[in-house]
Amino acid sequence: MKHRSATLCAAFVLSAVAALSGCSSDGDPVSFAPKESAKPGETQAASDVRMPTNPRTWDPQRTLADGTRVVHVDLKGAKSGFTGRVWAWVPKQYYRPEYKNSAFPVLMALPGAVGYPTNYFFSKEFRLQERIGEAADKGESLPFIVIMPVLNANKDTYYDGSDIPGQPKMGTWISDDVPDLVRENFRTYADPKGWGFFGSSSGGYVGMRWCSSTPSGSAWRSPAGPMRPPTPRCGTATRRRSRRTARPGWPSS
């Protein structure tokens, strides 16, 4: 797992998702706390590997054919104050003993449309996790962790991943609280090259905003149909949009 972002961008077939999985649980709660500490003489984690600092219990969402599970937790952001749901999936390689001191790259998958109260990237209809697992098995991609937070604070308003006065701090939620949750629970890279986002439509826009305003947060990105194309002016356009008040309806260009 020492390789980096160059091989992360496995080819995803992007399609519109109309059917969403329900929010039913599937099995016992899950914790990603290390099973045991390294024994004397064993290889220790490399300096660029961050081990979990505060693993919590996650509730299962669905189980894949390979035995891995999509799980979720309700997170009250320590910095934003916003409480929202976050889904996660780790590949089967994450559990193998030979990788117990290895970091895994992190992909934050941001949905299109309103992105609340769910995130369609965890759905069995979309099969995002299955496709990643299949690509890793074929040697076409490295395995990586997928994190899927809600995108907005309600079903009526688009916040564009911004901290807007008097509104939920959705910018801080995406850029700080969710990554902090990931670092607390999973073996991750300290280097931003081990972090990235994949977003569609409004999720692509929020991801581009995150990358332009927080360049140290991630090193690669894969937007699909963002509300504004990723050009060198993206940062300027993002700052203009972030000054606007939250508004209902689809975000305009």
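Residues numbered from 1 in each chain as written. Predicted model: local features only at pLDDT ≥ 70, side-chain atom pairs only at ≥ 80, totals over all residues. Heavy atoms only, no water.

S.K.: Describe unusual backbone geometry, and please don't skip the residues or the numbers.
M.R.: Between tyrosine 116 and proline 117 the backbone carries a cis peptide bond, its omega angle lying at 5 degrees. Even without glycine at this site, alanine 113 takes up a positive phi of about 60 degrees. Its place among the elements puts alanine 113 in the loop between strand 6 (106-110) and helix 1 (128-137). Exposure remark for alanine 113: the relative accessible area of 36% places this residue in the partly exposed category. Positive phi is not limited to glycine here, since arginine 127 has a value of about 60 degrees. For arginine 127, the position within the fold is in the loop between strand 6 and helix 1. (Helix = DSSP H or I, 4+ residues; strand = E, 2+ residues; numbered from the N terminus. Buried < 20%, exposed > 50% of the residue type's maximum accessible area, 1.4 Å probe, protein only.)

S.K.: Tell me about the pattern of salt bridges, residues and numbers included.
M.R.: Under the counting rule described, the total for this entry stands at 8 salt bridges. A network of salt bridges, in which partner residues are shared, links Lys79, Asp176, Asp180 and Arg183. (Salt bridge = Lys/Arg side-chain N within 4 Å of Asp/Glu carboxyl O.)

S.K.: Provide a residue-level description of the side chain of asparagine 119, including the pertinent values.
M.R.: With respect to the helices, strands and loops of the structure, asparagine 119 is situated in the loop between strand 6 and helix 1. For asparagine 119, the side chain forms a polar contact with the main-chain oxygen of alanine 109, separated by 3.1 Å. In this structure the side chain of asparagine 119 is engaged in a polar contact, spanning 2.9 Å, whose partner is the backbone oxygen of proline 149. Excluding residues that lie within four positions of it along the chain, asparagine 119 makes contacts with Trp87, Ala109, Pro111, Met148 and Pro149. (Polar contact = N/O pair within 3.5 Å; in protein donor to acceptor, adjacent residues only side chain to side chain. Contact = heavy atoms within 4.5 Å.)

S.K.: Describe the environment of asparagine 101, with residues and values.
M.R.: Among the structural elements, asparagine 101 can be located in the loop between strand 5 (83-89) and strand 6. The exposure class assigned to asparagine 101 is buried, which follows from its relative accessible area of 18%. Note: C-alpha distance between asparagine 101 and proline 34 (67 residues apart in sequence) is 9.4 Å.

S.K.: Outline the pairing of strand 3 (residues 57-63), listing residues and values.
M.R.: In this structure, strand 1 (residues 30-31) lies alongside strand 3, joined through 2 bridges in antiparallel fashion. By the bridge assignment for strand 3, valine 30 is matched with tryptophan 58. With 4 bridges connecting them, strand 3 and strand 4 (residues 69-76) associate as antiparallel partners. What sits directly across from arginine 62, in strand 4, is valine 70. Between strand 3 and strand 4, which pair antiparallel in sequence order, lie 5 residues; one of them, glycine 67, sits at a positive phi of approximately 95 degrees. (Pairing = 2+ DSSP bridges.)

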